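Overview (structure and organization)
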Amino acid sequence: MNIILLGAPGAGKGTQATRIEENYNLKHISTGDIFRHHMRQQTEVGMLARSYIKKGQLVPDEVTLRIVEIALKDAGMKDFMLDGFPRNINQAEALDKIVGIDKVIDISVDFDVLTERICGRRNCLECGYTTHVSQLKGGVCPKCGGEMQQRMDDKEETVKSRLTVYSEQTAPLIEYYKSQGKLFTVDGMGTPDEVFGEVRKVLG
Ligand code: AP5
Ligand code: MG
């Protein structure tokens, strides 16, 4: 089964991807994570991506499509879960030419909770664990004790442009996949475990 996790920044795509990965045999492909890996390694792709990500804009499609094709090949072109891709109609059409998609799960969250969720997010530098700052005791990772950090694009001004980009370029994908009969909308307003319960109903 090949699936896409759709949803606004902060909707909980990464949070659900971790749970899906633990319970289903699907490889997690997050374009945001791949770009952040390139940024840490200071590759050419990483330098270019940084200039867009820090402004809350999309990395150009030709670069994004190249990294997605590599990730899909590495995953054997099957049993994968795309998180953060596609993000516009052009990317979705390009994906349709490469591989078939079975289900698209749109995690739906009220817009007014997104900024608070994103600005409060912290990631572990050691193991990558993600949580909200309100869940942290002593500022260290509850899984491994590593240092927790805020993502550079999780500042309020950048979040504003990310949400605008989502509304203008990514939200039209909801109609795109609805018209293909592949869209499943999940209420993303409950706790992460409650949302996962809804995801399970879709994935079976
Ligand atoms: P990317 O890394 O994909 O970021 P995003 O789509 O903006 O989404 P986020 O990762 O911010 O949110 P999420 O939905 O994963 O939420 P999470 O589970 O972490 O992309 C970053 C950038 O890279 C883009 O802006 C762009 O520049 C570039 N890029 C990436 N893909 C691209 C593409 N295809 N084309 C071009 N450019 C691309 O949760 C968020 C917070 O909420 C956390 O604190 C979490 O603990 C909390 N939370 C989660 N679920 C719940 C819940 N149910 N209740 C309460 N809190 C919750
Ligand atoms: Mg994410």
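Residues numbered from 1 in each chain as written. Chains lettered and ligands numbered in written order. Predicted model: local features only at pLDDT ≥ 70, side-chain atom pairs only at ≥ 80, totals over all residues. Heavy atoms only, no water.

A look at helix H3 (residues 44-53)
Selection criterion: When accessible area is computed with a 1.4 Å probe and restricted to protein chains, residues below 20% of their type maximum are described as buried, those above 50% as exposed, and intermediate ones as partly exposed. Helix and strand labels come from DSSP, where a helix needs a run of H or I of at least four residues and a strand needs a run of E of at least two; each type is numbered from the N terminus. Note that the arc is computed from the directions linking the helix axis to the C-beta atoms. By definition in these notes, contact holds between two residues if any of their heavy atoms fall within 4.5 Å.
Within the span of H3, buried status applies to Val45, Gly46, Ala49 and Ile53. Buried positions in H3, seen along its axis, are confined to an arc of 90 degrees and lie on one side of it. Structurally, H3 contributes buried residues whose contacts are with helix H2 (31-41), helix H4 (61-74) and helix H7 (156-170).

Describing the pairing of strand S3 (residues 80-83)
The side chains of a regular strand alternate, first on one face of the sheet and then on the other. Let me state the cut-off plainly: Only strands that DSSP links by at least two bridges are regarded as paired with each other.
Along S3, one buried face is formed by Phe80 and Leu82 and the opposite face, lined by Met81 and Asp83, is buried too. Relative to S3, strand S2 (residues 27-30) runs parallel, the two being bridged by 4 bridges. Note that in S3 the partner of Ser30 across the bridge is Asp83.

Concerning the environment of Gly12
Relative to the elements of secondary structure, Gly12 occurs in the loop between strand S1 (3-6) and helix H1 (13-23). With relative accessibility at 15%, the residue Gly12 sits in the buried group. On a C-alpha basis, the gap between Gly12 and Asp153 in space is 16 Å, while along the polypeptide they are 141 residues apart. Residues within four places of Gly12 in sequence aside, it is in contact with Ile107 and Arg117.

Some words on the site of ligand 1
Where we set the bar: Only a single heavy atom is needed: when it lies within 4 Å of a molecule or strand, its residue is near that molecule or strand. Polar contact criterion, stated in full: a pair of N or O atoms within 3.5 Å, where within protein one must be able to donate a hydrogen and the other to accept it, and residues adjacent in sequence count only if both atoms are side-chain atoms. The Shrake-Rupley method, run with a 1.4 Å probe, gives the accessible areas here. Residue values count only the displayed protein chains as cover. Amino acid classes used here: Ala, Val, Leu, Ile, Met, Phe, Trp, Tyr, Cys and Pro are nonpolar; Asp, Glu, Lys and Arg are charged; the rest, including Gly, are polar.
In the region of ligand 1, 33 residues are neighbours, and Thr15, Gln57, Arg87, Arg121 and Arg162 sit closest. A distance of 3.4 Å separates a nitrogen atom of ligand 1 from a polar atom in the backbone of Pro192. Relative to its unbound accessible surface of 1000 Å², ligand 1 loses 92% to contact with the protein. Looking at the shell around ligand 1, the elements that each hand over two or more residues are H1, H2, strand S6 (130-132) and helix H9 (192-203). A per-element tally of the shell around ligand 1 places H2 first, with 4 residues. Residue composition of the shell around ligand 1, grouped by class: 10 nonpolar, 15 polar and 8 charged.

Some details on the sheet that holds S2
Each strand in a sheet pairs with another by means of backbone hydrogen bonds, the pair being arranged parallel or else antiparallel. The criterion, for reference: In this description, a line fitted to the C-alpha atoms serves as the axis of each element, helices being fitted only across the stretch in contact, and the angle between N-to-C directions of two axes falls anywhere from 0 to 180 degrees.
The strand order S2-S3-S1-S4-S8 describes an open sheet built from 5 strands, whose pairing is parallel. With partners counted over all chains shown, the strands left at the sheet margins are S2 and strand S8 (183-187), one partner each. Geometrically, the sheet is characterised by an average inter-axis angle of 20 degrees between neighbouring strands, direction not taken into account.

Points about the packing of aromatic side chains
The line we're drawing: Here is the rule: rings of Phe, Tyr and Trp (six-membered ring for Trp) pair when centre to centre is within 6.5 Å. Planes less than 30 degrees apart are stacked, more than 60 are edge-to-face, and the remainder are tilted. Both a distance and an angle decide whether a charge sits over a ring: NZ of Lys or CZ of Arg must be within 6 Å of the ring centre and within 35 degrees of the ring normal.
All chains considered together, the criterion is met by 2 aromatic pairs. The interplanar angle of 40 degrees and the centroid separation of 6.2 Å between the aromatic rings of Phe111 and Tyr166 together place this pair among those described as tilted. A residue pair is termed long-range when its members are at least 10 positions apart, and Phe111 in helix H6 (residues 111-119) and Tyr166 in helix H7 qualify at 55 residues. Given a relative accessible area of 39%, Phe111 falls into the partly exposed group. When the ring of Tyr176 is compared with that of Tyr177, the centres are 5.0 Å apart and the planes differ by 85 degrees; the resulting orientation is edge-to-face. Summarising the burial analysis for this pair, Tyr176 and Tyr177 share the class buried. Residue placement shows Lys103 over the ring face of Phe184; its charged tip is 5.5 Å from the ring centre.

Observations regarding the sheet that holds S6
Reading across the sheet, the 3 strands line up as S6-S5-S7 and stay open at both edges, with antiparallel pairing between neighbours. Strand pairing shows two members of the sheet lacking a second neighbour, S6 and strand S7 (148-149), which therefore form its edges. Sheet topology note: the strand S5 (residues 121-124)/S6 ladder contains 3 bridges and is antiparallel. Its bridge partner lying in S6, Asn123 is registered against Thr130. H6 rests against S5 and S6 of the sheet, and its axis sits at about 35 degrees to S5.

Take it as geometry only, folks, not as evidence of what the structure does.
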